[in-house]
Amino acid sequence: MRRFSLIEFSVEHPRLIVILAIIFTLIFMTQFPKMKTDTNPKNMLPETSDVRVWNDEVEKTFSLYEDMIMVGIENEKGILNRETLGKIIRITDEILKIKGVAARDVNSFSTITNVAAETGILKVAPLMTEVPKTDEGIESLKKMLFENPLFVDRIISKDGKTTAIYVPLEKGANGKEIADRIREIIKKEKGEEKYYVAGDPVARDTFGAVMFKLMAIFSPIAGMIMFIAIYLMFRNLSLSISMMMVAMISIIWSMGLLIGLGFPIHIMSSMSPVFLMAIATDSIHIFNEYYFRYRERKDKKAAILETMHAVGRPVRYTALATAAGFAVLMLMHIIPVKVFGGLVAFGTIVLRLLSFSFIPAVLTFIKEEKIERASKREDIELSRTTKLLKNLGSFGAHRPKATVFVGLILLVAAVIGTTRIVVNNNMVEWFKKNSEVRIADTVMNQALGGTSLGYVVAISKEEEYIKTPEAMRYIEGLQRHLEKLSMVGKTTSVVDIVERVNRVLHDDDPQYDAVPKTKEEIGQYLFMFSMSAKPSDLDNMVDYPFQKANIWVQLKTWDVQAMRDVIKAVEEYKKTHPTPMEFKPSGIAYFNLVWNDEVLYDMLRGFILALIVVFVILVFNFRSVKWAIVGYMPLLFTILLIYGVVGFIGKDFDMPISVLSCLSLGMAVDFAIHFISRFKQRLTESQGSEVRSQKLKTEHPKLLTLDSGLLTEALLWTAARPGKGIMRNAVLFAAAFSVMLFAPLTPYITVGAFIVSMMMLSAVMTIIYLPALITLLQGWLFKGGLR
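Thresholds, definitions, all that
- Residues numbered from 1 in each chain as written.
- Predicted model: local features only at pLDDT ≥ 70, side-chain atom pairs only at ≥ 80, totals over all residues.
- Heavy atoms only, no water.
- Helix = DSSP H or I, 4+ residues; strand = E, 2+ residues; numbered from the N terminus.
- Buried < 20%, exposed > 50% of the residue type's maximum accessible area, 1.4 Å probe, protein only.
- Contact = heavy atoms within 4.5 Å.
- Areas by Shrake-Rupley, 256 points an atom, 1.4 Å probe, with all protein chains shown as cover.
- Lys, Arg positive; Asp, Glu negative; His and termini not counted.
- Charge placed at Lys NZ, Arg CZ, Asp CG, Glu CD.
- 1 Å grid on protein atoms, 1.4 Å probe; cavity = no way out; pocket = protein on both sides within 12 Å on 5 of 7 lines; lining within 4 Å.
- Points joined across faces, edges and corners; volume = space filled by probe spheres on them.
- Nonpolar A, V, L, I, M, F, W, Y, C, P; charged D, E, K, R; others polar.
- Phe/Tyr/Trp six-rings, centres within 6.5 Å; stacked < 30°, edge-to-face > 60°.
- Pairing = 2+ DSSP bridges.
- Axes fitted to C-alpha atoms, helices over the stretch in contact; angles between N-to-C directions.
- pLDDT = per-residue confidence, 0-100.

Colleague: When you look at the overall build of the chain in this model, what are you seeing that I'm missing?
Modeller: In terms of helices and strands, the chain carries 30 helices and nine strands. Counting the 787 residues in the chain, one finds 60% classified as buried. Considering only residue pairs separated by 6 or more positions, the chain has 80% of its internal contacts joining residues 24 or more positions apart. Carbon and sulfur atoms form 60% of the exposed surface of the chain, whose accessible area is close to 32700 Å². Computed over 91 positive and 80 negative side-chain charges, the separation of the two mean positions in the chain equals 13 Å.

Colleague: Sorry, what's going on with empty space enclosed by the protein here?
Modeller: Where empty space is left can be seen by rolling a probe of water-molecule size over the atoms. Within this structure, the stated rule accounts for four cavities of 30 Å³ or more. Reported here for the largest cavity is a volume of approximately 710 Å³. M68, L453, Y455, N540 and W552 are the residues nearest the centre of the largest cavity, which is lined by 42 residues in total. The element that contributes the greatest number of residues to the lining of the largest cavity is helix α3 (residues 50–61), accounting for four residues. Looking at the lining of the largest cavity residue by residue, the classes come out as 21 nonpolar, twelve polar and nine charged. Lining the second largest cavity are 16 residues; nearest its centre among them are P41, D200, M427, N592 and W595. Elements with a contribution of two residues or more to the lining of the second largest cavity: α7 (200–234) and α23 (587–622).

Colleague: So what exactly am I meant to see when it comes to the packing of aromatic side chains here?
Modeller: The relation between two aromatic rings is expressed through the spacing of the ring centres and the mutual angle of the planes. Counted by the stated rule, this structure contains 17 aromatic pairs. Judged by centre distance (6.5 Å) and plane angle (45°), the rings of Y290 and Y294 are tilted. Of this pair, Y290 and Y294 are both found in helix α10 (residues 284–297), four residues apart, which corresponds to roughly one turn of the helix. There is no split in this pair, since Y290 and Y294 are both buried. Ring geometry for Y474 versus Y573: centroids 5.2 Å apart, planes at 70°, classification edge-to-face. Of this pair, Y474 sits in helix α18 (residues 469–482) while Y573 sits in helix α22 (residues 560–576), and the two are 99 residues apart along the sequence.

Colleague: Teacher, can you tell me more about the sheet that holds strand β8 (residues 548–555) here?
Modeller: Backbone hydrogen bonds are what pair the strands of a sheet, in a parallel or an antiparallel way. Here four strands make up an open sheet; going across it, the order is β7-β8-β6-β9 and the pairing antiparallel. Looking at strand neighbours, the two that pair on one side only are β7 (488–492) and β9 (582–586), the edges of this open sheet. For this sheet the average axis-to-axis angle between neighbouring strands, irrespective of direction, equals 25°. Bridge count between strand β6 (residues 452–459) and β8: eight bridges; the pairing is antiparallel. Residue pairing across strands places G454 opposite V553, the latter belonging to β8.

Colleague: How should the sheet that holds strand β1 (residues 67–74) be read in this particular structure?
Modeller: Reading across the sheet, the three strands line up as β4-β1-β5 and stay open at both edges, with antiparallel pairing between neighbours. Whereas interior strands pair on both sides, the edge strands pair on one side only; in this sheet they are β4 (162–169) and β5 (194–198). Here the strands of the sheet are splayed against their neighbours by 20° on average, with no regard to which way each runs. Here five bridges tie β1 to β5, and the two strands are oriented antiparallel to one another. In the sheet register, V71 faces β5, and the bridge partner there is V197.

Colleague: Sorry, what's going on with the confidence of the model for the chain here?
Modeller: Fine structural detail should not be taken from predicted coordinates in areas where pLDDT scores are low. For the chain, per-residue confidence averages 86 on the pLDDT scale, and 93% of positions sit at 70 or higher. β9 holds the highest mean pLDDT among the elements of the chain, 97, whereas helix α26 (residues 694–699) holds the lowest, 47. The model gives residues 695–705 a pLDDT under 50, and that stretch makes 17 contacts with residues more than four places away or in other chains.

So, in structure tokens, the structure goes:
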């Protein structure tokens, strides 16, 4: 019974194949209205992860908010004037009305708690309920601000030119929407003041909104660029449309499956359409070979079948290698990483299914006169492109030692560069320097304590231990130690409240700006303060059994290294100052640190595992460990060179770079599989046609002898003919990602720049370096003949 062939069936029933593809595409499209998005990095870790459980516990214990926006108001002449103060009150009053704002805990001049004393009685009230009407009132306000350490670097800069309004958000509120509403409010104010809106929710939700907008814009633009590039390569509209249809079908099927399974679109999965569109360019090898075959056979169907026979195996194994490389990510711990890996792996499989069905079917619809005209440009002897590629291959084949030597020098340099890599994520720096988000963050960090907030929680086994002078002095000492770090702008704790109360109750005598001597006195001050202050003022600092105290640490950067330095400094202080208390980090800055390490190291583990899996696939494809090693060389060279460049230019190794690793792995292997498979195929055919090898073939069909002339001819033919497909693939891939160079977000620019350079490097490496390696190692590779 004859074995079923999907390719032959597609050639014989092209209309059925196209109709089925359209029907399935429409089915997957029905899932799109259910699409949900999630740009919160918090959800990249499971709810059961230690950092999420601990952060939730801390927020509950100290009545904290997950998200906080900082609104900066700057006046170069100073903010302590009636006009600016009036604007601060008006802006604050309007912010309190915004839905999603935790109005009861907004802190600004008009709402923050001020601790003072009158005739020996503690007075706790809002700092400024109305604008002072006299110069004396302004001076009194100035005195209250600058003599209170709780205010300086928090709501007033040391130079008096900047203030901040702290806007906590209710759970589930969208930071970008609230930030936009705040911007509408401040636009109504005229004058010489400058306004800034900063904070993690602003950067995070703005990035998410811009990200999805960019993907909606860039995906069709990338498709259009690819369409134009394909048309310029083959001068055939039907062929160009068919390739774009393959890419779009795979994207729709993949995204439809993702949405249908109930997964939200995360930051990583939002990039998958461009990835799949670029991976679809591997089909160019089919079109590239088809024109050569048609020129030789002059029979459309025969050319299709011969083309698929010639490139079928490398196309299958490149798909398998790419899909496996991404599928490995499904074994990781981070949910969005799993989703991204599965999504791209599924899309890659769909692409290859379409390569063996939809593409052969569409090729049957193209009129032969159009194919004839286009195929004339594919003459391997006349085409300028093939001549150039042949010369590149010739350089490697005829100067193998020099080529390999230069490659080794570059590898050594790349390895040195990798030692300089710093693993870091900073979402604010994902915006360009001239962006509103980044400018706001920079100004606020320079003027005040910092926009990034972390906590250090002191924990005691003994109830009310936090009230003891020993605990208070220890926490104060730790605060001063942390403030020595360059990235720590300000620390605040219950100690600052106690010392402030102690001072004002002693006629504002500076010598009483210290921890009281007894536990009872401390307890009395805290009780007096809690009776008049807002509940959150004390709740944010201590728990009621007084076993835990929360130190607020404001950082002047969102670099995860800053929080890492804080944790290290706490550990160092504990070693030199033993205490029964335990200290644990928390807050959004700590979460970002854990998220950074978990996501990036998970991607790195996945990448290493993918390297192993891909090598095994190469061994199965080539049926040889030797050839698998040779095919692996361009991959390792590309990866190391990319990492080396990252290290030398000082670019942080962040999530976009880790994603690039997976992509470079797939594409570099694709090129090597195509080159070596077609080279061995050509060499076998060439030897098979030699008269002197006929007897050997008859007696030993599995063994062929090697001729150096045939070897060189096969290498140059591979560089010129399949190499043209490799180069076209690289150009199309680079073209698809080139649109990202014009994005307003730096991760997209990074991805675009690296992909463009990486694709061209991989293609050139394959065409130059593989001939050099094969020529240099021919004695080892062909020991006993070609098998």
